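# Topology and contacts: notes
So the chains spell out like this:
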Amino acid sequence: MKNNLFLITQLLICHLISAQDTYQRNSSADVQSYIFDLKLNDKNNHIEGKAKVTINFQNEVNEFALDLIAKSENYGMQVVSVFEDSIKVNYTYENNKIKIIPTPEEEKNRTYTIQYKGIPERGLVIDTTKFGERSFFGDNWPNLARHWLPSVDHPSDKASIEFRITAPEHYDVVATGEKIEESNLDNGTKLTIYREPAPVAMKVVTIGVTKFASRLLGDVEGIPVSAWVYPENRLDGFSDYGVATKVLQFFIDNIGPYSYTKLANMQAKTQWGGLENAGNIAYFENSVTGKNEVEGLIAHEIAHQWFGNSATENDWNHVWLSEGFATYFAILYQEGVYGDKKRKEELGLDRKQIIEYYQKNPSPIVDASITDPMKVLSTNTYQKGGWVLNMLRHKLGDEAFWKGIKTYYNTYQNGNVMTIDFQKIMEEVSGKDLNLFFQQWIFTKGYPELKWDWSYKKGKITLNIIQTQKQYLFDFPLEIGLQKEGTSIIKTVQISNRKSSFKFALDSPPDSVVLDPNLWLLLQEK
Ligand SMILES: [Zn+2]
């Protein structure tokens, strides 16, 4: 009965949430592939584009829309023409949507070619590097692809992608996918083509066009791993990004096969610290120091290749499936390399941030009230999401946790997911009912705020623990460390009421008593 009630609540919440992600999805059109043919120049920031978009109509063949920010004053795009194969088709271009009316045929697989031009205000950042070199960097997350690429600019519709970049020949070009052509053309320009056959979301496709020094760092299970850095940072950059091979191997070993044709690590102009572009990660310009200071960041962005890029949230409100996972898997990588001490250190810092954030923003990880994708990134979706995975791991045990993670990835590789999909897999693998766990940690705000004391009398230690938070009573196992002369005994108690009391037999009084000594519970001591 309790479980059913939770299930119903969750279904209602899920329904509500899908109403919150306000992106207007196409009813039948599903993009299979994009080919973006782009001409860049040095005279101005104008781009000329030709997008070939192959659509599969899943049900009836009807009107569909692509996102493209239209020209207004200095910035934005103008559409020159829209063709279905070689036939000009009717379309409208209003409110930054190209609405295309297919020809009246039965055929369900069709290719549309959109010719367009303009100056992108965002998404494709045309600027200079910190060394004063002209540069073009794709920086799409979350929904800025529409400033330069006509596309279904939402993570729910993923497609294979090809970039055909024509630029002055002095540039080096890197992009999502495998390089399949580099040709100098007659007029001082160079054509570079990259193709990624795996389906990717527009939030994580990119190009980098500037003067680069690039180097193959290694080959990991057939995946070429490279560094693309500014020539001035050549040796420091190759050294700092060198750890990417080790990180890639760790995640392949522990999660499953990598989804993309390569892994380039690119120094870039990005508004983020790092942007996890599929197979072509962008790291902020000053990430290169030569002192190997960004291993955690590199691990985070590489973890995204599995979570966020390959198993992709179907809805912006479930972005913790991307950010919470990347946060925790970066910790798991570091735990693997530096030991459990590192896990505890990272989670201790994250817990502080979560508590601080919650004082100002009391909201759950999946927050139905957020409608702007830019606002889904928060301490909740990163650090708290990571903490939830840490607690899930402890609840299930390492073996079931890792088996569940592998099964989840294997099931949703190159697909789309919602929180309930992850929950179901973890339930199947562990044989445990996790409704309450997901309900309280993902869909409910806050965490246990505990007031407690202990006393010792006649060979017994007594603990009194009170949940003081107002809104919700949590149900959780709590580890208690009884410390005596440098050694520690751990006792686990289950707490579900507001007030709990526990007694343990103990020969002599402990030196100290600590709640959650090994950092397995997100709690605040009051
Ligand atoms: Zn991230």
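Details of the structure are given in the entry above.
Given the structure is predicted, the values throughout are model-derived calculations rather than measurements.

## Re helix 7 (residues 380-396)
Since there are 3.6 residues in each turn of an α-helix, residues three or four apart along the chain are aligned in direction. Here helix 7 is 17 residues long and its end C-alpha atoms lie 22 Å apart, about the 24 Å a rise of 1.5 Å per residue gives. Positive phi shows up at Gly-397, right after helix 7, with a value of about 90°.

## Points about the environment of Tyr-258
Residue position: Tyr-258 is located in the loop between helix 3 (244-254) and strand 18 (263-268). Assessed through its relative accessible area of 9%, Tyr-258 is described here as buried. As for Tyr-258 and Gln-413, which are separated by 155 residues in sequence, their C-alpha atoms are 9.2 Å apart. The contact partners of Tyr-258, leaving out residues within four places of it in the chain, are Ile-223, Leu-248, Ile-252, Leu-263, Gly-279, Gln-305, Trp-306, Tyr-409 and Gln-413. Of the polar contacts made by the side chain of Tyr-258, one reaches the backbone oxygen of Lys-262; its length is 2.7 Å.

## Focus on the packing of helix 5 (residues 320-338) against helix 7
The contact between helix 5 and helix 7 brings their axes to 7 Å, and the two run at 60°. The angle between the axes of helix 5 and helix 7 places the two elements in the oblique class. Our pair here, helix 5 against helix 7, has a crossing hand that is right-handed. Facing helix 5, whose interface residues are Trp-320, Glu-323, Gly-324, Phe-325, Thr-327, Tyr-328, Phe-329, Leu-332 and Glu-335, helix 7 presents Thr-381, Tyr-382, Gln-383, Gly-385, Gly-386, Leu-389, Asn-390 and Arg-393.

## Thoughts on the nonpolar core
In this structure, Ile-302, Phe-329, Phe-422 and Leu-478 are the most contacted members of the largest nonpolar core, which totals 155 residues. Examining the composition of this core, we find that 10 residues originate from one element, helix 5, more than from any other.

Criteria and thresholds
Within each chain, residue numbers correspond to sequence positions counted from 1 in written order. Reporting of local features is limited, given that this is a predicted model, to residues whose pLDDT is at least 70; pairs of side-chain atoms are given and counted only at 80 or more, and all residues count toward the totals for whole chains, interfaces and linings. Each side-chain value is derived from all of the structure's non-hydrogen atoms; neither hydrogens nor water enter the calculation. For the purposes of this entry, the term helix denotes a DSSP run of H or I that reaches at least four residues, the term strand denotes a run of E that reaches at least two, and both are numbered from the N terminus. An expected span of 1.5 Å times one less than the residue number is assigned to each helix. Three labels apply to residues, based on accessible area from a 1.4 Å probe with only protein chains included: buried if under 20% of the type maximum, exposed if over 50%, partly exposed otherwise in between. The contact criterion used throughout is that any non-hydrogen atoms of two residues lie within 4.5 Å. Pairing of N or O atoms within 3.5 Å defines a polar contact, subject to two protein rules: one partner must be a possible hydrogen donor and the other a possible acceptor, and residues neighboring in sequence count only if both atoms are side-chain atoms. To get an axis, fit a line to the C-alpha atoms, keeping to the stretch in contact for a helix; angles then go from 0 to 180 degrees between the N-to-C directions. Any angle from 65 to 115 degrees is called roughly perpendicular, while one under 35 is roughly parallel, one over 145 is roughly antiparallel, and all others are oblique. Each helix crossing is assigned a hand: it is left-handed if the near helix lies turned anticlockwise from the far helix by less than a right angle, otherwise right-handed if that turn is clockwise. The set of buried Ala, Val, Leu, Ile, Met, Phe, Trp, Tyr and Cys residues whose side-chain atoms join them within 4.5 Å is what this entry labels a nonpolar core.

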